[in-house]
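# Descriptive analysis of the structure
Listed below are the residues making up each chain.
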Amino acid sequence: MYLIHVQVLSEWERQRAEDSEKKFSEALESSENKQLKLEENERRMLQLQESVERLEEKLANLESQSPNQVLRQTALSNLQKNKFEEGHSRSIKDIHSSSTHSRDASDSDEKLKKSLDEEPEYHDLLTRCIAQRLGFSRGRPVAACIIYKCLRKWRSFEVEKTTIFDRITQAIGRAIETQDSSDILAYWLSNASTLLLLLQRTLKTSGPSGDSNHRRSRSGKRTQSFRGSPHGITVSSMDGDSTCGSDSFHPFEPKYPASLFKQQLTAYVEKIYGLIRDNSKREISPLLGLCIQAPRISKANLPRGTVSAFANAASQEILLAQWQGMVTKIGCLLNTLNANYVPPFLIRQVFTQIFAFINVQLFNSLLLRRECCSYSNGEYVRSGLAILERWCYKATEEYAGSAWDELKHIRQAIAFLVAHQKPKLKLSDISRDLCPMLSIQQLYRISTMYWEDKHGTHSLSPEVISNMRILMTQDSNNAVTNSFLLDDDSSIPFSTDDLTRSMDTISISDVDPPPLLRESPGFSFLAPRSNY
C-alpha cells in the first residue's frame, strides 16, 4: 500500500513538472514573439521618422524658394501638362504670350539680383557708420533714418536671405551690452523706436490677430503690443523710386528676415526702455531708505550764531537733503531723455513707473517700521512729497504725465498720520475720504503702529479698530490676500497705438548723411534732394 502511494505521488510530481516546463516554454515563445514585434515596431517607427525628416527637408526647401520661383515652377508644370494634353492644338499666340511673361519675370529677377549683388560691399560701411554717434537732424535720429533709407534702396525687405539685418541688430546689441550710461541708452532708444515705426509703416502685419498681439498693462487693461498699425509717418521718395513715395506707397508683405528684424527691434525698444527705468531705480533706491524717516539734526550741524528763523531754514534744508538729491537725479534723467529726442510718450512712461516704484518703496517701509509711523515723521515725509509735486509741475504734464498720481498710497498714508482728532474718525470717513486707496489690512496696520510724539493724541477709537478686525476676518474667508505690502510692477506698460498716436509726423527725406557715407558713391541716394 505504501509503495502504491509513493508511485502515485511520484507520477503527480512528474506531471506537475511537465506542466511547468510546458508553461515555461509557452511563456518563452510568447516573449520572443513580443520581442520580434517590438523590434518590428521600432523599425517602422524609424522609417516613419526618416520619412517625416525628409518631408520637413522638402518643406524647408520649398519655403527657402521665393514666391516667384514657386509660381514659375507651378506655372511650368501646368504648362507642360496642358501641352501634353492639347498637343499641337495650342496656338502661336499663347506661346508668344507665355514667353513674354517669362521674359518679364526673368528681367525683374535679374534687376533684383543685381541690386542684391551690390549690397555686401556697402554693409560693412553702413554698420561701421552707425556704430558712431550720428546725432540728430531737427529732432530726428540720423542713424534710424539712414538705416531705413538703405534698407529700402537695397530692397532688403523683399529677399529671403540677407545678412544686413543681423549686422544692424548686432551693432545695437554691442552698443547697449554693458552700458549703464543713460545718455547712450537714450540715444539708442530714440533710434530704435523711430526705426521700428518706419518699419511698421513699410511692412504689413502678418499672422493672426489675437491675444498674442496684446499685453497687460499696469492697470490691468489689455493693450496691443508692438505689432499694430502706425500713424503719423511720412516716407518720402528716395532717388526717384516711386515705391517709396508717400502718395503712392502701400505696405507690402515682408519676407522672413524682415519680419524677424522687426521682432528683434521691438525687443530692443523694450529692453532699452527697461534698462533706463531700472538704472534710475537703482540710483534712487539708497535715497528712498533715508527719505522715509526724518534724520536727527544736532545743533553742531547748524552755523554758529544763526538766529532762530535762519536756523529753522537751515535745519529744514538738511532734513530734506535726501529728497532734493532724489529730485536732482530724476531731473538729470529728464534732461538726458530730452537731449536725445526720446518720444515724450516714452518719457512719461518712464517717470510713471519710477514714481510707482517710489510709492511702493516708501509705503512698504512705512508699514514695516513702527518708528516711521509718528505724527512728526508724517510731517517730514509730507514735506518731501511736496518737493516731488513741485518737480512734476515744473516738468509739465508732457513729460511727467500721471507720475504724481502714482504716489497715492504713500500720500494717503501720510495724510492719515498727520490727521487731527483721529479718535473721532469713523471707518467710513477713513476708507471713503481720507484713504480710499488703502485696504483694510493696510489701514489696520498703520493705525495700530501709529504713535503720537507731538500733540499727545491717540490713534483710532477701539470701536473702529474692532470693526477693522471683523472686516479682515471676512476678507480672509473670501480668499482675499492678507498681504498689506505693495508689489512693484516692472512690465512694459505701453502699446504701439499709444506710442504712434502721440508722435508727430516724421519725414526722413531731408536728413543729411554722415561724412563717411557722403563720400561714398554707393550712398549717393542718401543726399537730400529738392524734389522730395
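Up top is the structure these notes are about.
What this report covers is the structure whose coordinates are included nearby.

Rules used throughout
- Residues numbered from 1 in each chain as written.
- Predicted model: local features only at pLDDT ≥ 70, side-chain atom pairs only at ≥ 80, totals over all residues.
- Heavy atoms only, no water.
- Helix = DSSP H or I, 4+ residues; strand = E, 2+ residues; numbered from the N terminus.
- Buried < 20%, exposed > 50% of the residue type's maximum accessible area, 1.4 Å probe, protein only.
- Contact = heavy atoms within 4.5 Å.
- Areas by Shrake-Rupley, 256 points an atom, 1.4 Å probe, with all protein chains shown as cover.
- Expected span 1.5 Å × (residues − 1).
- Axes fitted to C-alpha atoms, helices over the stretch in contact; angles between N-to-C directions.
- Left-handed = near helix turned anticlockwise from the far one by under 90°.
- Nonpolar A, V, L, I, M, F, W, Y, C, P; charged D, E, K, R; others polar.
- Phe/Tyr/Trp six-rings, centres within 6.5 Å; stacked < 30°, edge-to-face > 60°.
- Core = buried A, V, L, I, M, F, W, Y, C linked by side-chain atoms within 4.5 Å.
- Parallel < 35°, antiparallel > 145°, perpendicular 65-115°, else oblique.
- Polar contact = N/O pair within 3.5 Å; in protein donor to acceptor, adjacent residues only side chain to side chain.
- Salt bridge = Lys/Arg side-chain N within 4 Å of Asp/Glu carboxyl O.

## Concerning the overall build of the chain
When helices and strands are counted, the chain shows 18 helices and 6 strands. Buried residues in the chain amount to 40% of all 532 residues. Nonlocal contacts in the chain, meaning residues at least 24 apart in sequence, comprise 81% of its contacts between residues at least 6 apart. If you sum the accessible surface of the chain, you get close to 30,600 Å²; carbon and sulfur atoms cover 52% of it.

## Description of helix α6 (residues 164–176)
Residue pairs spaced three or four apart in an α-helix point in one direction, given the helix's 3.6 residues per turn. With 13 residues, α6 should reach 18 Å at 1.5 Å per residue; the first-to-last C-alpha distance of 19 Å fits that figure. For α6, the full list of buried residues reads Ile-164, Phe-165, Ile-168, Thr-169, Ala-171, Ile-172, Gly-173, Ala-175 and Ile-176. Looking at the buried side of α6, the elements it contacts are α4 (120–130), α5 (142–153), α7 (182–202) and α8 (256–291).

## Describing the packing of α5 against α7
Close contact between α5 and α7 brings their axes to 8 Å; oriented N to C, the two are set at 30°. As for how α5 packs across α7, the hand of that crossing is right-handed. Of the residues in α7, those in contact with Val-142, Ala-143, Ala-144, Ile-147, Tyr-148 and Arg-152 of α5 are Tyr-187, Asn-191, Thr-194, Leu-195, Leu-198, Leu-199 and Thr-202. When grouped by side-chain class, the residues that make up the contact of α5 with α7 number 9 nonpolar, 3 polar and 1 charged.

## Quick notes on the packing of aromatic side chains
The way to describe two aromatic rings as a pair is by their centre distance and the angle between their planes. One pass over the full model with this rule turns up 11 aromatic pairs. Seen from their ring centres, Trp-154 and Phe-523 are 6.0 Å apart, and the 65° between their planes marks the pair as edge-to-face. Taken together, the positions of Trp-154 in the loop between α5 and α6 and Phe-523 in the segment after α18 (515–518) put the pair 369 residues apart, joining distant regions of the chain. Each member of the pair Trp-154 and Phe-523 is classed as buried.

## Observations regarding helix α10 (residues 321–339)
With 19 residues, α10 ought to run about 27 Å at 1.5 Å a step, and its terminal C-alpha atoms sit 27 Å apart, in line with that. Turning to α10, its buried residues are Trp-323, Met-326, Val-327, Ile-330, Gly-331, Leu-333, Leu-334, Thr-336 and Leu-337. Where the residues of α10 are buried, they touch α7, α8, α11 (344–368) and α12 (375–400).

## Quick look at the nonpolar core
If you look at the biggest cluster of nonpolar residues, it comprises 122 residues, and the most contacted ones within it are Trp-323, Met-326, Ile-358, Leu-366, Leu-388, Trp-391 and Phe-523. Beyond its immediate sequence surroundings of up to four residues, Ile-358 is in contact with Ile-284, Leu-288, Met-326, Ile-330, Leu-388 and Leu-407.

## Structural notes on the packing of α6 against α7
Interaxial distance between α6 and α7 falls to 10 Å at its minimum, and their mutual angle equals 160°. Taken as axis vectors, α6 and α7 run roughly antiparallel relative to one another. The two elements α6 and α7 cross, and the hand of that crossing is left-handed. Across the interface between the two elements, Ile-172, Ala-175 and Ile-176 of α6 pack against Ile-184, Leu-185 and Trp-188 of α7.

## Quick notes on the side chain of Asn-340
Within the element layout of this structure, Asn-340 appears in the loop between α10 and α11. A distance of 3.0 Å separates the side chain of Asn-340 from the side chain of Asp-183, its partner in a polar contact. The contacts of Asn-340, once residues within four sequence positions are left out, are Arg-133, Phe-136, Asp-183, Ala-186, Tyr-187 and Ser-190.

## Regarding the environment of Pro-514
Here Pro-514 shows up in the loop between β6 (506–507) and α18. Between the C-alpha atom of Pro-514 and that of Leu-134, which follows or precedes it by 380 residues, the distance is 6.9 Å. The residues contacting Pro-514, other than those within four sequence positions of it, are Cys-129, Leu-134, Val-142 and Ile-146.

## Side note on unusual backbone geometry
Trans peptide bonds make up most of the peptide bonds, and negative phi angles are found at most residues other than glycine. If you check the backbone angles, Arg-138 has positive phi at about 50° while not being a glycine. The topology assignment puts Arg-138 in the loop between β1 (136–137) and β2 (140–141).

## Describing the pattern of salt bridges
Applying the stated rule across the entire model yields 11 salt bridges. For the salt bridge of Asp-183 with Arg-133, the shortest nitrogen-to-oxygen distance reads 3.5 Å. Taken together, the positions of Asp-183 in helix α7 and Arg-133 in the loop between α4 and β1 put the pair 50 residues apart, joining distant regions of the chain. Look at Arg-133 and you get partly exposed, because its relative accessible area is 46%. A salt bridge links Glu-158 to Arg-155, with the shortest nitrogen-to-oxygen separation between them at 3.1 Å. Using a relative accessible area of 32% as the deciding quantity, one classes Glu-158 as partly exposed. Relative accessible area serves as the criterion here: at 23%, Arg-155 is assigned to the partly exposed category. Taken together, the shared-partner salt bridges connect Asp-124, Arg-128 and Arg-167 into one network.

## Side note on the environment of Thr-202
With respect to the helices, strands and loops of the structure, Thr-202 is situated in helix α7. According to the relative accessible area criterion, Thr-202 is buried, its value standing at 0%. Side chain to side chain, Thr-202 and Tyr-148 meet in a polar contact 2.3 Å long. Within polar-contact distance, the side chain of Thr-202 engages the backbone oxygen of Leu-198 at 3.0 Å.

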